[in-house]
Structure formats: structure tokens, C-alpha cells
Amino acid sequence: DNDNCNCHNNCSCGCFRNGNGNNNDCVAFGNAERLPINICLCYKSITFDGCNFYVTLPEAGKVVVLDRRFCVLGTIDVKEKYDSITYDSVDNVFYATLFRNNKYIVKLDKNFCKIATIPVSIPDLGCQAICSISFNCQTNRIVLVIAGNIVEINKDGTLACKVTPF
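Attention in this report is confined to the structure presented alongside it.

1. Quick notes on the overall build of the protein
At step 1: For the protein, the helix and strand inventory stands at 0 helices and 12 strands.
At step 2: Taken from N to C terminus, the helices and strands of the protein fall in the order β-β-β-β-β-β-β-β-β-β-β-β.
At step 3: Within the protein, the proportion of its 166 residues that are buried is 40%.
At step 4: In the protein, of all internal contacts separated by at least 6 residues, the share reaching a separation of at least 24 is 37%.
At step 5: Of the roughly 9,200 Å² of accessible surface on the protein, a fraction of 49% belongs to carbon and sulfur atoms.

2. A short note on the sheet that holds strand β11 (residues 149-153)
At step 1: Here we have 4 strands laid out as an open sheet, ordered β9-β10-β11-β12, and antiparallel in their pairing. Looking along the sheet, the strands with just one partner apiece sit at the ends: β9 (130-136) and β12 (159-163). In this sheet, neighbouring strand axes are inclined to one another by 20 degrees on average, regardless of whether the strands run parallel or antiparallel.

3. Brief notes about unusual backbone geometry
At step 1: Residues other than glycine seldom take positive phi values, yet Asn92 does so here, at roughly 55 degrees.
At step 2: Within the secondary structure layout, Asn92 lies in the loop between β5 (82-88) and β6 (93-98).
At step 3: The phi angle at Asn140 is positive, at roughly 60 degrees, despite the residue not being glycine.
At step 4: Topologically, Asn140 is positioned in the loop between β9 and β10 (141-146).
At step 5: The partly exposed category is assigned to Asn140, whose relative accessible area is 31%.

4. Details of the sheet that holds strand β3 (residues 62-66)
Strand pairing in a sheet relies on backbone hydrogen bonds. The paired strands run either parallel or antiparallel.
At step 1: Pairing within the open sheet is antiparallel, and its 4 strands lie in the order β1-β2-β3-β4. Edge strands, defined here as strands with exactly one partner in the open sheet, are β1 (46-48) and β4 (72-77). With strand direction ignored, the average angle separating the axes of adjacent strands in the sheet is 20 degrees.
At step 2: When strand β2 (residues 53-57) meets β3, the two strands line up antiparallel, connected through 5 bridges. For Val55, the partnering residue across the bridge sits in β3 and is Val64.

5. Things to note about the pattern of salt bridges
At step 1: A complete count under the given rule lists 8 salt bridges for this structure.
At step 2: For Lys155, the salt bridge is made with Asp88, and the minimal N-O distance between the two is 2.7 Å. Placement of Lys155 in the loop between β11 and β12 and of Asp88 in strand β5 is noted, with a sequence separation of 67 residues between them. As far as burial versus exposure is concerned, Lys155 and Asp88 are alike and both buried.

6. Remarks on a nonpolar patch on the surface
At step 1: Together, Val145, Ile150 and Val163 line one region of the surface with nonpolar side chains, adding up to about 200 Å² of accessible area.
At step 2: Summarising the element assignment, Val163 is placed in strand β12.
At step 3: Residue class for Val163 comes out partly exposed when judged on its relative accessible area of 41%.

7. Considering the environment of Asp91
At step 1: For Asp91, the position within the fold is in the loop between β5 and β6.
At step 2: Along the primary structure Asp91 and Asn140 are separated by 49 residues, whereas in three dimensions their C-alpha atoms are 9.0 Å apart.
At step 3: One polar contact links Asp91 to Lys155, side chain to side chain, over a distance of 2.7 Å.

How each quantity is defined
Residues numbered from 1 in each chain as written. Predicted model: local features only at pLDDT ≥ 70, side-chain atom pairs only at ≥ 80, totals over all residues. Heavy atoms only, no water. Helix = DSSP H or I, 4+ residues; strand = E, 2+ residues; numbered from the N terminus. Buried < 20%, exposed > 50% of the residue type's maximum accessible area, 1.4 Å probe, protein only. Contact = heavy atoms within 4.5 Å. Areas by Shrake-Rupley, 256 points an atom, 1.4 Å probe, with all protein chains shown as cover. Pairing = 2+ DSSP bridges. Axes fitted to C-alpha atoms, helices over the stretch in contact; angles between N-to-C directions. Salt bridge = Lys/Arg side-chain N within 4 Å of Asp/Glu carboxyl O. Patch = residues over 30% accessible without salt bridge, like charges linked within 9 Å, V, L, I, M, F, W, Y side chains within 5 Å. Polar contact = N/O pair within 3.5 Å; in protein donor to acceptor, adjacent residues only side chain to side chain.

Right, here's the structure in full:
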């Protein structure tokens, strides 16, 4: 499925070459084969970069890389524990929230190396936890869910707009 996609297939760090490509690495809907599951760990967030899916395992400090068929391509050991993750298709970078830290988001390159730590400055929300992160490619802004609010921020962490949906 990734024949026409060169996003990560030639990754110089080798972190996407861990899967052996056999059926034991894949989700086969309708039979017993599944994604790797450890009862003590929890998948928290998923994003898609147009080629692969990335699933966070914050307690383990890992990101699991899956292809479009949900075959495990490998795992990436990350220096910080990422809770929620999104892909910015405009700048081709990832943004992630830090596990148990709601004051910052992290900008990451395609190899999950940190580019920047961005302080989140949203008046009236105090120290409420960031529940989720996404990217709006139409506005080129980061979208957060915080304490029942949908908040769109600029890439420098400043508030662009806040919506209270209910």
C-alpha cells in the first residue's frame, strides 16, 4: 500500500524497519491477530501523516508506527512521553501534548526529534488539562480541547479563537 508513498520508507534512523512484515505484525480484521497489547499500557492518541498512522503509548515513552493496513512497522522510543499527537500537513511536522503537562506542546520533526517547545497561553482556562490536539489545515492552526472548550491556537501558542460548543 505504501508503494507510492515515500514519507518514511527511507528513514535514515532505521526506526521504521523493526516490523518483520509477516502477518503476525498486522491487524487482520475478522480473525484473532491484533495490534500489540500490553494490559498495563494504554494507547492514547492516533494521527495519520498521509502514509502511516502513529499511536502514542505515553506510559512506555513510545510511538507505534502502523501502515495503512495497520501492520506494525516499528516503534519509536521518544525522549518525552507524548499523550496526544497530531500531524501538521502544511509544515510536515508533528505536534504533541506532554504526558501530565498542560503548559506546553512540543513541535517534532518527522523522526520525532524535538524542534521546539511551545508554551500554551490561553486566558480564562487557567491550568486546565489539554485533553486532545488536532490540526486545522484550512487555518494552519493547532486545535486543542481543554475543559469542554475547543481552542484554536497559532503555532506560537497564542490564542486564535475559543469555542464553547454546548
